[in-house]
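Now for the letters of each chain:
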Amino acid sequence: MNENTLDFEKQISELQGKINELEAFSKTSGIDCSEQIEALNQHLDKMKTEVYSNLSAWQRIQLSRHPGRPYALDYIERIFNNFCELSGDRRFKDDKAIIGGFAKFINQPVMVIGTQKGRDMKSNVYRNFGWPHPEGYRKANRLMRLADKARVPVICLIDTPGAFPGIASEERHIAEAIAANLRDMFELTVPVIAVIIGEGGSGGAIGLGVGNSILVMENAYYSVITPEGCAAILWKDRKYAPQAAEALKLTADKLIELGIADEIVPEPFGGAHNNFDEAAKLLAAVLKKHLDKLGKLSGEEIKEQRYAKFRAMGRVEELAANEA
């Protein structure tokens, strides 16, 4: 069984292992086991359908955090051409948790910005585990304003548990950096598309999330707080994270229902980690649709559309005086 196998995938992994063993036995022994292998494959397909068609909110969060899931650079490599990374916030240093630069998307110049995690301990330390510092948001702000001057769309690929909550972040004013991004993103006169490709945690995500279109991958989440954080506050115990995940309504289908996200980007069966190329192809198709749509608007119309979109978010229920 693969060490990255999730709890709810164990039966699938075990059955796949048995099929692999039977195939190897058939090959080495010369005994025809094709009927048994076919029967097991049919059972495997049925099992996968049952599991992946009925995922809970917590299971989708586990998929969004899967260590084998494609990250921003994986999508940039497959979707964009001529990516030219730009570094530094021109104030303190370059934050490796946020990457960005000019690129081409189907021959259209764009500015692509993303939060980036690492694959192992060394690269995770280099990327600060995908937790951006203030200078990361200031770098993103600089690049978005540069894109506005160059009249090219901005595409943000978001995958972060949140902004880095350490002392260094507070000393360099993390809240102000995120707030400045929110303010300045509303002023951009070029299309902004925000894509939640994995984790969309708290202000760390919204600092790149003020988009004309907000897209969410099928197994991604977008929330004001992580389920563990919510559980620690409300239940005083992180073990209640699965219950918190359900209550927060942070999965793709709920985000569409609540009017937060505009479209769900489908993933390969079982999750994006199963096929990077297919995941990138599916994302590229949705990106093109939204870029084509937004490309028909003027700069002022883009600003107005973005403002109206966020003003319309949220639900209010008024109670009668005798019910209050």
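Let me begin by describing the structure that accompanies this report. (Residues numbered from 1 in each chain as written. Predicted model: local features only at pLDDT ≥ 70, side-chain atom pairs only at ≥ 80, totals over all residues. Heavy atoms only, no water.)

### Considerations on the overall build of the protein
Line of reasoning, step 1. Counting its secondary structure elements, the protein contains 14 helices and eight strands.
Line of reasoning, step 2. In summary, the protein has a C-alpha radius of gyration of 22 Å against a globular reference of 20 Å for 324 residues, a match within 12%.
Line of reasoning, step 3. Summarising its shape, the C-alpha atoms of the protein cover approximately 70 × 60 × 40 Å along the three principal directions.
Line of reasoning, step 4. Within the protein, the fraction of its 324 residues that count as buried is 50%.
Line of reasoning, step 5. A separation of at least 24 residues holds for 72% of the contacts in the protein among residues at least 6 apart in sequence.
Line of reasoning, step 6. Approximately 16400 Å² of the protein is accessible, and the part contributed by carbon and sulfur atoms is 52%.
Line of reasoning, step 7. Of the side-chain charges in the protein, 41 are positive and 45 negative, and the distance between the mean point of each set is 6 Å. (Helix = DSSP H or I, 4+ residues; strand = E, 2+ residues; numbered from the N terminus. Rg over C-alpha atoms; globule rule 2.2 N^0.38 Å. Buried < 20%, exposed > 50% of the residue type's maximum accessible area, 1.4 Å probe, protein only. Contact = heavy atoms within 4.5 Å. Areas by Shrake-Rupley, 256 points an atom, 1.4 Å probe, with all protein chains shown as cover. Lys, Arg positive; Asp, Glu negative; His and termini not counted. Charge placed at Lys NZ, Arg CZ, Asp CG, Glu CD.)

### Looking at the side chain of His66
Line of reasoning, step 1. Inspection of the secondary structure puts His66 in the loop between helix H3 (57–64) and helix H4 (72–79).
Line of reasoning, step 2. Polar side-chain contacts of His66 include one of 2.9 Å to the backbone nitrogen of Gly68.
Line of reasoning, step 3. Excluding anything up to four places from it in sequence, His66 contacts Asn4, Leu6, Tyr71 and His273. (Polar contact = N/O pair within 3.5 Å; in protein donor to acceptor, adjacent residues only side chain to side chain.)

### Examining helix H8 (residues 174–185)
Line of reasoning, step 1. Compared with an ideal rise of 1.5 Å per residue, which puts twelve residues at 16 Å, H8 spans 17 Å between its outermost C-alpha atoms and is within 8% of the ideal.
Line of reasoning, step 2. Every buried residue belonging to H8 is among Ile174, Ala177, Ile178, Ala180, Asn181, Asp184 and Met185, and all of these are buried. For H8, the angular spread of buried residues about the axis comes to 155°, placing them on one side. For H8, the exposed residues lying more than 90 degrees away from the buried face are Ala175 and Arg183.
Line of reasoning, step 3. If you follow the buried residues of H8, they end up packed against helix H6 (134–150), strand E4 (154–160), helix H7 (167–171), strand E5 (192–201), helix H9 (202–206) and helix H14 (299–311). (Expected span 1.5 Å × (residues − 1). Arc of directions from axis to C-beta.)

### With respect to the packing of H3 against helix H11 (residues 241–248)
Line of reasoning, step 1. Viewed as axis vectors pointing N to C, H3 and H11 meet at an angle of 100°, and their least axial separation amounts to 8 Å. Classified by the interaxial angle, the pair formed by H3 and H11 is roughly perpendicular. Across the interface between the two elements, Ala57, Trp58 and Ile61 of H3 pack against Ala241, Pro242, Ala245 and Glu246 of H11. (Axes fitted to C-alpha atoms, helices over the stretch in contact; angles between N-to-C directions. Parallel < 35°, antiparallel > 145°, perpendicular 65-115°, else oblique.)

### Side note on the nonpolar core
Soluble globular proteins: nonpolar side chains tend toward being buried together.
Line of reasoning, step 1. Ranked by internal contacts, the top residues of the largest apolar core, which has 60 residues, are Tyr75, Phe80, Ile113 and Leu157.
Line of reasoning, step 2. The dominant element in this core, judged by the number of residues it contributes, is helix H13 (residues 276–294), at eight residues.
Line of reasoning, step 3. If we skip the residues at most four places from it in the chain, Leu157 touches Ala72, Tyr75, Ile76, Val112, Ile113, Gly114, Thr115, Val195, Ile197 and Leu283.
Line of reasoning, step 4. Core analysis: the second largest hydrophobic core is formed by 13 residues, Leu15, Ile37, Val51 and Leu63 among them. (Core = buried A, V, L, I, M, F, W, Y, C linked by side-chain atoms within 4.5 Å.)

### Quick word on H13
Line of reasoning, step 1. The first and last C-alpha atoms of H13 sit 27 Å apart over 19 residues, in line with the 27 Å expected at 1.5 Å per residue.
Line of reasoning, step 2. Of the positions making up H13, those classed as buried are Phe276, Ala279, Ala280, Leu283, Ala284, Val286, Leu287, His290, Leu291 and Leu294.
Line of reasoning, step 3. Its side-chain oxygen 3.2 Å from the backbone nitrogen of Asp277, Asn275 forms the N-cap of H13.

### With respect to unusual backbone geometry
Line of reasoning, step 1. Not every positive phi belongs to a glycine, and Ile106 is a case in point at roughly 50°.
Line of reasoning, step 2. Locating Ile106 in the fold gives a position in the loop between strand E2 (98–105) and strand E3 (108–115).

### Quick look at the packing of aromatic side chains
Line of reasoning, step 1. Evaluated as defined, the whole model comprises four aromatic pairs.
Line of reasoning, step 2. Measuring from centroid to centroid gives 5.5 Å for Tyr52 and Phe269, while their planes differ by 75°, and the two rings are edge-to-face. Taken as a pair, Tyr52 in helix H2 (residues 34–52) and Phe269 in the loop between strand E8 (263–265) and H13 lie far apart in primary sequence, 217 residues in all.
Line of reasoning, step 3. Here the aromatic rings of Trp235 and Tyr240 are separated by 5.7 Å at their centres, their planes lie at 20°, and the arrangement is stacked. (Phe/Tyr/Trp six-rings, centres within 6.5 Å; stacked < 30°, edge-to-face > 60°.)

### Digging into the pairing of strand E6 (residues 213–217)
Line of reasoning, step 1. With five of its five residues buried, E6 lies for the most part within the structure.
Line of reasoning, step 2. Along E6, one buried face is formed by Ser213, Leu215 and Met217 and the opposite face, lined by Ile214 and Val216, is buried too.
Line of reasoning, step 3. For E5 and E6, the ladder comprises four bridges, and the chain directions are parallel. Note on E6: the bridge partner recorded for Ala194 is Ile214.
Line of reasoning, step 4. The pairing of E6 with E8 spans three bridges and is classified as parallel. Each residue of the ladder has a partner; that of Leu215, found in E8, is Glu263. (Pairing = 2+ DSSP bridges.)

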